Amino acid sequence: MKRMLLWGLVAVSLSVGFTRRFDRDKVLHVKPQDESQVNFVKYLSSIVQLDFWRPDSAHAIVPQMDVDFRVGAYQTENIQTLLEQNGMQYEILFQNVQEGIEKQFDGKPNSSNRRHSYSKYNKWEKIVAWTANIAAKYPDLVSRTQIGTTTEERPMYLLKVGKGSVKKAIFIDCGIHAREWISPAFCQWFVNEATKTYGKNKLMTKLLNRLTFYVLPVLNIDGYVWTWTADRMWRKNRSNSSNTNCIGTDLNRNFDSAWCTIGSSDDSCSEIYCGPAAESEKETKAVANFIRHNIQSIKAYLSFHSYSQMLLYPYSYTYELAPTHDELNNVAKAAVDALSSLYSTKYKYGPSASTIYPTSGSSDDWAYDEGIKYSFTFELRDRGKYGFLLPENLIKPTCEETMLAVKNISSYILRYV
Ligand code: ARG
Ligand code: ZN
């Protein structure tokens, strides 16, 4: 009886907008020097629930890797003592995650009636309204279609950006992972920049005259909404396709590319849960179907994540080099050079498996094997200072520099593909 009352309370508080708090949770950074230190971190994660920020789970850790994880307030003392006793250096990235969450927003706390802004984080309702508005404002450059609905029945709107009928196309998605807020911010920035500078900026005008950009501003909409309403640190989607007590599939492990083999988990409670089958999730299915239907025109696939500052290309499910590795490497290098020309932001680039960590079921590998030979994943800013909690004042510089990389890749497609 008491139990039922308690659950009732939980349900009510969730439905009236109970938001999880992270008071005095910490984010620690470690760099395991050798196998034994790696094993020690893995051991810690087996005795205490650690929320891995980078890499995405303990399994991916190898010596000399930068590892960031969040520790619950009540565990931090223990964990820090254990690290010290084992001679492991660590840095404290956040003393108080809740404070970090509040500080992302420029000054004022997250007030619910803010206007849509390209240099702020926008909640989903603002983003949907924006998709309609921008299409209405630039009818001959932007049109909006729906490619599916999410688990919670939200419409998945896709913006088609470009002059006239479909030409060679570039597909761009943001927000596969819910907590990586800088990613949807970039997709909005891109569409704004494209429409605003068309007819003014020579390169942009040419790109929009001769290419079509398909932009999916938030792929994992339900997850994104959840990060605004309930749990800022949510990563997966919100489906219960596993039929267990754990919610959510990692949509970047759910694509049909060596599905659920390496770097993913069949445990529904894991942050890298691959789902019950490849393309089991409505969000994955909608994207995969759209790309399959438009495979003749889509020449490039770009997916935006954070954080780490990397430009990745296939493969992720194997250490074998992609058949077009050398060309991908050249394109990535040129893009990264363009990006860093603005603020000297340093990006690593290379095949995902060896550059970040191996994963299977990821969208970029899938797109590549479908025949989209220019397939890239961006890991945007930063390299751990703020991690997922990148403050709003860094949206503008991050998006500006990323635009240079995207324009660079797009011009390559235009010229050579
Ligand atoms: N943060 C991304 C993830 O965990 C990185 C994926 C790297 N793999 C890739 N195929 N791009 O999903
Ligand atoms: Zn991600």
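Not measured: the values here are computed from a predicted model.

1. A look at the pairing of strand β8 (residues 211–216)
Moving on, step 1. Summarising burial for β8: six of the six residues are buried, a large majority.
Moving on, step 2. Burial along β8 is two-sided: Leu211, Phe213 and Val215 and Thr212, Tyr214 and Leu216, pointing in opposite directions, are all buried.
Moving on, step 3. Two strands pair when backbone bridges link them, and strand β6 (residues 155–161) and β8 are joined in this way by three bridges, in the antiparallel orientation. Bridge pairing links Lys160 to Tyr214 in β8.
Moving on, step 4. Taken together, the six bridges between strand β7 (residues 168–174) and β8 define a ladder with parallel strand orientation. Directly across from Ala169, in β8, lies its bridge partner Thr212.

2. With respect to unusual backbone geometry
Moving on, step 1. In the segment running from Arg54 into Pro55, the intervening peptide bond is cis, with an omega of -10°.
Moving on, step 2. Unusually for a residue other than glycine, Ala258 sits at a positive phi of about 50°.
Moving on, step 3. Here Ala258 is to be found in the loop between α8 (221–229) and α9 (282–293).
Moving on, step 4. With 22 C-beta atoms counted inside 10 Å, the residue Ala258 sits in the buried group.
Moving on, step 5. Here the phi dihedral of Ser344 falls at roughly 60°; this positive angle occurs in a residue that is not glycine.
Moving on, step 6. Position of Ser344 relative to the elements: it lies in the loop between α10 (325–343) and β11 (348–351).

3. With respect to the site of ligand 1
Moving on, step 1. Every residue near ligand 1 is listed here: Asp56, Asn252, His305, Leu312, Ser316, Ser352, Ile356, Thr359, Ser362, Asp364, Asp365 and Thr377.
Moving on, step 2. For the shell around ligand 1, the class distribution of residues is two nonpolar, seven polar and three charged.

4. Quick notes on the UniProt feature "domain: Peptidase M14" (unreviewed entry) in the protein chain
Moving on, step 1. Per the UniProt record, "domain: Peptidase M14" (unreviewed entry) is found at residues 120–413.
Moving on, step 2. Taken end to end, residues 120–413 comprises 37% helix and 18% strand; its first and last C-alpha atoms sit 31 Å apart.

5. As for the UniProt feature "active site" (unreviewed entry) in the protein chain
Moving on, step 1. Mapped onto the present numbering, the UniProt feature "active site" (unreviewed entry) falls on Glu379.
Moving on, step 2. Tracing the backbone through its elements, the reader meets Glu379 in strand β12 (residues 374–380).
Moving on, step 3. Note on Glu379: 23 C-beta atoms within 10 Å, which makes it buried.
Moving on, step 4. Once residues within four sequence positions are removed from consideration, Glu379 is found in contact with His305, Ser306, Tyr307, Ser308, Gln309, Met310, Leu312 and Ile356.

6. Examining helix α12 (residues 363–370)
Moving on, step 1. Burial analysis of α12 places six of its eight residues in the buried class, which makes it a mostly covered element.
Moving on, step 2. Listed as buried for α12 are Ser363, Asp364, Asp365, Trp366, Ala367 and Tyr368.
Moving on, step 3. For α12, the elements touching its buried residues are α9, β9 (298–306) and β12.
Moving on, step 4. Once α12 finishes, Gly371 follows within two positions and takes phi at roughly 115°, a positive value.

7. So, the sheet that holds β7
Moving on, step 1. Taken in spatial order, the eight strands line up as β5-β6-β8-β7-β9-β12-β10-β11 in an open sheet, and their pairing is mixed. Each edge of the sheet is formed by a strand with only one pairing partner; in this case those strands are β5 (142–149) and β11. The average angle at which neighbouring strand axes cross in this sheet is 20°, direction not considered.
Moving on, step 2. In this sheet, β12 lies alongside β9 in parallel orientation, the contact comprising seven bridges. Looking across to β12, one finds that His305 is bridged to Glu379.
Moving on, step 3. Contacts from helix α13 (residues 395–416) reach β7, β8, β9, β10 (310–313) and β12 within the one sheet, and its direction differs from that of β12 by about 175°.

8. A closer look at the domain arrangement of the protein chain
Moving on, step 1. Here the protein chain is described as being made up of domain 1 (26–104) and domain 2 (124–416).
Moving on, step 2. If you average the C-alpha positions of domain 1 and of domain 2, the two centres end up 28 Å apart.
Moving on, step 3. Across the boundary between the two partners, domain 1 contributes 17 residues, which contact 16 residues of domain 2.
Moving on, step 4. Mapped by element, the contributors of at least two residues to the side of domain 1 that touches domain 2 are β1 (26–30), β2 (50–54), β3 (67–71) and α4 (97–104).
Moving on, step 5. Looking at the side of domain 1 that touches domain 2, the element that brings in the most residues is α4, giving four residues.

9. Section: the sheet that holds β3
Moving on, step 1. On the basis of which strands lie adjacent, the open sheet formed by four strands has the order β2-β3-β1-β4 and antiparallel pairing. The open sheet has two edge strands with one neighbour each: β2 and β4 (90–94). This sheet shows a mean twist of 30° between the axes of neighbouring strands, independent of strand direction.
Moving on, step 2. One ladder, built from five bridges, connects β1 with β3; its direction is antiparallel. Looking at β3, one finds that Leu28 is bridged to Phe69.

What counts and how
Residues numbered from 1 in each chain as written. Chains lettered and ligands numbered in written order. Predicted model: local features only at pLDDT ≥ 70, side-chain atom pairs only at ≥ 80, totals over all residues. Buried ≥ 20, exposed ≤ 12 C-beta atoms within 10 Å, placed from the backbone. Helix = DSSP H or I, 4+ residues; strand = E, 2+ residues; numbered from the N terminus. Pairing = 2+ DSSP bridges. Near = placed C-beta within 6 Å. Nonpolar A, V, L, I, M, F, W, Y, C, P; charged D, E, K, R; others polar. UniProt positions renumbered as here; feature names shortened; annotations may be inferred. Contact = placed C-beta atoms within 7 Å. Axes fitted to C-alpha atoms, helices over the stretch in contact; angles between N-to-C directions. Domains from an automatic or database assignment.

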